[in-house]
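Topology and contacts: notes
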Amino acid sequence: MMELIGISPALLFGQLLIGLINGVFYAMMSLGVAIIFGMLRIGNFVHGAQYMLGAFGTWFLLQLPLLFPGLGLPSLGYWWALAIVPLGVAVVGAAMEWLFIRRVYDLDHAYGLLLTVGLAMLIEGLFNVRFGAAGQQYGVPESLQGGMRLGFMFLPYYRLWVIVAGLVICFGTWRVIERTRLGSYLRAATENPDLVRTFGINVPRMLMLTYAFGVGLAGLAGVMAAPIYQVSPQMGQSIIVTIFAVVVIGGMGSIFGAIVSGLMLGLIEGLTKVFYPQASTTVIFIIMATVLLLRPNGLFGKETVAHHVADFSTVRTGSLLENGRFWLAAIAIGGMIFPFFFYPLLGMKILCLALFACAYNLLFGYVGLLAFGHAAFFGASAYVTAHCAAVWGFAPEAALLSGVAVATAVGALFGWLAIRRQGLYFAMITLALAQIAYFYAVQAPWTHSEDGIQGVPRGKLLGLIDLDVSINMYFFVLCVFLFGFGLIYRIVHSPFGQVLKSIRENEQRAISLGYSTNQFKQVAFTISAALAGLAGGLKALVFQIASLADLFFTTSADALLMTLIGGVGTLLGPVVGAVIVVLIQKELATLGSWVVVVQGAAFVLCVLFLRKGVVGTLEDYLGAREERRRLASLARITEKTPKHDDSSRNS
Amino acid sequence: MTEAIGLTVSDLHAWYGDSKALHGMNFEVRRGEIVTLLGRNGAGKTSTLRAIMGLIRKQTGAIHFGSQNISGRLPEAIAKYGIAYCPEERGIFASLTVAENLVLPPILGKGGMTLHEIYGLFPNLLDRRASPGTRLSGGEQQMLAIARILRTGATLLLLDEPTEGLAPLIVKQIGAVLRSLKDRGLTVLLVEQNFRFASRIADRHYVVENGRVIDTLAAADVADGTDRIEKYLKV
């Protein structure tokens, strides 16, 4: 029957085996992510990098004599690695928890996400600098070479070992957490850590060990992966987003769900490769979207209340920093002077990214929704604008509007799916949805995969102004930016914007006042996507290229980084953040592959030391100064009165 | 000497962030006594228990338990001195069964009750030991919250409003349990708003207002002092 539909059993079973192997790795990785999320409420984005550490650790042990010649170190093989490396990675994880991650437990999820993204960039960037993008080969251990013939297919022993060992580890871990005393401590500590501490249990240490254990699982998966996949610095990056999708499908925090979904999705991915290969990279994300529609809590998830504690800058009303009319004029004037001193191209880059960050801030800063997929809108519009201008010969304004229209439509759809959940779930869902757009662009013919759409003509604006003249293009970008900036200011200060802010402060209360908050979120999401699209389309015209980088999740992370550096929920924050980020990138352009490392470090430092951002910190300083002055003038008034008393008494 | 003295709190100040909750609490609980902290909502009773347990990190003053000053120690360290805390919201874990909730706190000292004794004291819990913790009725949850800190061998129990929102019959039952704990030699510091309940079981009452003790009433004087206390508690 298989033959009838044109699929040979060898191909089918071969792909199923690959799917099962992938599924085992998905299960082991999502298990770690689910444990860490369930117990620590941290979306461990650095999990992929930790998996990569495991694989590299295995390779290092084999290469010891070559890496450290003259020390007489032995070359340690697979079985040694299996014993040593997961422990080593777990120790690294414990150190990371102690140094960084425990500092963000009590903060908004955004900081945990940004911190782990930063750590991942830092680690993967360093390995990239040292080892380059090329993969290292690692042979199958001697004792597991060969395989068995099963009649319909050939089963290598190593793969059999991975499947058996992986399943034992996954279900063993699940059993420990669900059925033992240690597990009951963990589950209780998730619900009420303070109370568990009063029982004499050292919860901070337990959380550190939990994190180390989850990370150790990633390290173990890395060891087991070394002989199957290429050992390369990127290996974690390519798997982590899929893992997050698996965890969402399984139900966040459900350990059993993570294991079963991991295995199942690996198999489904394998089957898709047989029957419809084009969809094999996106099938998991499409399943995720479907599951969210039908069962918002995931297949095995229980309803969990994700407490959303906003920690945004306290903006004083009437502060000059928040005066939109003043800054609109100031940026207009500053923008006009700028090209006399700097290259217009630098200005255009800043303005595009500033508009992108402002659009992001509208959603994250004013509605409190931690979106992590704005690359989709930015990139979609960049591609559509580029295609309309380059292939269809649209005028620039028409191309740009087409881009914005597509970004708006994509935004409305993604928003509709994503606003069903909050906090970190929301972040993961937007991220996974954006990955669909990314993989679509990797495969679709009109996007030209790695090359992107190049040589986009800037054309003549309204048929009159030649945008190929740099200064004309610059002023067009400036006008579009001012339009976007002004529009956001208007929205935020409208009654609609007030409702958005009330959702950020306390969604339940907004609902009880009779607002259908989901509609407000949907509209805000769509506007934010449209403006992100405006920025993306502009960028495509300015740089005359739309590329995969525009759609990659690092672009989403950039939006978050610019907003955080500048100051979340402030008017000027995203603009200041864009200026800082662009200037850093410009200064670092000569450093080549170190850029990612520095960017990762910026993420980490920003989360640890500059949480309110430049504008937020300045705002606090100004507020404190005002308060001091008020108190001083009060003191002066009260001082005068007793002085009179004293003098009268003395005389 | 130190045998007689259980817990002594002297000049305890505590803050939640910038707002001050305790303004110099002074009181003592002798070994084997049941002592109540009475007072209105927001007077600082719960904060006192939380400060003793180390859950409020920003505090000054001294908290002596036996001969040790435990002020500033971490909650997990304070538990090891034999102090156990039962919060007002009871803190039953929804993801754990009744039996798992019951055996969750580890045994830290000698002299704790056995499971057998606990089930004897709270027969309801035995019947419902396999159900999820939060499926119990309010009264049963309160029983469970008290029961689970009896296994640990703690000698001082800090109970925060164990009778809040419970039916009179259950309140009576809890009163009986507290008396039997006293008979076993346990020391209890009880936060209450229900003076009628407290007056029947406690050896001494401290009235708390604005984060400090403003009056003390021994059990012997309860008959004469009831009016005085009720004036304090009146809203």
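If you're wondering where the values come from, they're calculated on a predicted model, not measured in any experiment.

Side note on the overall build of chain A
- Secondary structure assignment for chain A yields 25 helices and 6 strands.
- Expected size for 651 residues packed as a compact globule is a radius of gyration near 26 Å; at 27 Å, chain A falls within 12% of this value.
- Structurally, chain A occupies a C-alpha span of about 105 × 80 × 60 Å along its principal axes.
- Counting every position in chain A, which comprises 651 residues, the buried fraction comes to 52%.

Things to note about the overall build of chain B
- Scanning chain B from N- to C-terminus turns up 9 helices and 10 strands.
- For chain B, the C-alpha radius of gyration of 17 Å lies close to 18 Å, the compact-globule estimate for 235 residues.
- Counting only C-alpha atoms and orienting by the principal axes, one finds that chain B spans roughly 45 × 40 × 40 Å.
- Taking all 235 residues of chain B together, the buried fraction comes to 46%.
- Within chain B, contacts between residues separated by at least 24 positions form 71% of all contacts whose residues are at least 6 apart in sequence.

Some points on the interface of chain B and chain A
- Chain B puts 18 residues into the contact, and the matching count from chain A is 13 residues.
- Considering every element that reaches the side of chain B that touches chain A, the biggest residue donor is helix α2 (residues 75–80) of chain B, with 4 residues.
- Along the lines of polarity and charge, the residues of the side of chain B that touches chain A split into 13 nonpolar, 2 polar and 3 charged.

Considering helix α4 (residues 109–131) of chain A
All names here are of chain A.
- Taking 1.5 Å per residue, 23 residues should reach 33 Å; α4 reaches 33 Å between its end C-alpha atoms and fits that length.
- In terms of burial, α4 is largely enclosed, as 19 of its 23 residues are buried.
- Phi for Gly132, located one or two positions after α4, is positive at around 70 degrees.

Concerning the confidence of the model for chain A
Residues and elements named next belong to chain A.
- Residues of chain A with pLDDT of at least 70 account for 95%, and the chain-wide mean is 87.
- Confidence drops under a pLDDT of 50 for residues 305–311, and excluding neighbours within four residues, the segment shows 14 contacts in the predicted structure.
- The low-confidence segment residues 645–651, where pLDDT is below 50, has 0 contacts with residues more than four positions distant or belonging to other chains.

Thoughts on the sheet that holds strand β7 (residues 156–160) of chain B
All names here are of chain B.
- Pairing is mixed across the open sheet formed by 6 strands, whose spatial order is β6-β7-β8-β3-β9-β10. Unpaired on one side and paired on the other, β6 (83–86) and β10 (212–218) mark the two borders of the sheet. On average, each strand axis in the sheet is tilted by 20 degrees relative to the strand beside it, whichever way the strands run.
- The sheet contact formed by strand β3 (residues 34–38) and strand β8 (residues 187–192) spans 5 bridges and is parallel. When the bridges of β8 are listed, Leu38 appears paired with Glu192.
- Running over the sheet, helix α1 (residues 45–52) touches β3, β6, β7, β8 and β9 (204–209) and is turned about 145 degrees from β7.

What to know about the pairing of β9 of chain B
Residues and elements named next belong to chain B.
- Note: β3 against β9, 4 bridges, orientation parallel. Bridge pairing links Leu38 to Val207 in β9.
- For β9 and β10, the ladder comprises 6 bridges, and the chain directions are antiparallel. Residue pairing in the sheet places His205 in a bridge with Leu217 of β10.
- Adjacent in sequence and paired antiparallel, β9 and β10 are bridged by 2 residues, among which Asn210 carries a positive phi angle near 50 degrees.

Focus on the nonpolar core
- Val477 of chain A together with Leu158 of chain B are the most contacted members of the largest nonpolar core, which totals 282 residues.
- Per-element accounting of this core gives the leading share, 17 residues, to helix α13 (residues 344–367) of chain A.
- Two domains each put at least three residues into this core: domain 1 (22–236) and domain 2 (320–551) of chain A.
- Apart from the residues within four sequence positions on either side, Val477 of chain A is in contact with Met348, Leu351, Cys352, Leu538 and Val542 of chain A.

Topic: the domain arrangement of chain A
Residue and element names in this part refer to chain A.
- Once the domains are mapped, chain A shows domain 1 (22–236) and domain 2 (320–551).
- The straight-line distance from the C-alpha centre of domain 1 to that of domain 2 is 37 Å.
- At the interface, 4 residues of domain 1 touch 6 residues of domain 2.
- Counted by class, the side of domain 1 that touches domain 2 contains 2 nonpolar, 2 polar and no charged residues.

Cut-offs used in this document
Residues numbered from 1 in each chain as written. Chains lettered and ligands numbered in written order. Predicted model: local features only at pLDDT ≥ 70, side-chain atom pairs only at ≥ 80, totals over all residues. Helix = DSSP H or I, 4+ residues; strand = E, 2+ residues; numbered from the N terminus. Rg over C-alpha atoms; globule rule 2.2 N^0.38 Å. Buried ≥ 20, exposed ≤ 12 C-beta atoms within 10 Å, placed from the backbone. Contact = placed C-beta atoms within 7 Å. Nonpolar A, V, L, I, M, F, W, Y, C, P; charged D, E, K, R; others polar. Expected span 1.5 Å × (residues − 1). pLDDT = per-residue confidence, 0-100. Pairing = 2+ DSSP bridges. Axes fitted to C-alpha atoms, helices over the stretch in contact; angles between N-to-C directions. Core = buried A, V, L, I, M, F, W, Y, C linked by C-beta atoms within 7 Å. Domains from an automatic or database assignment.

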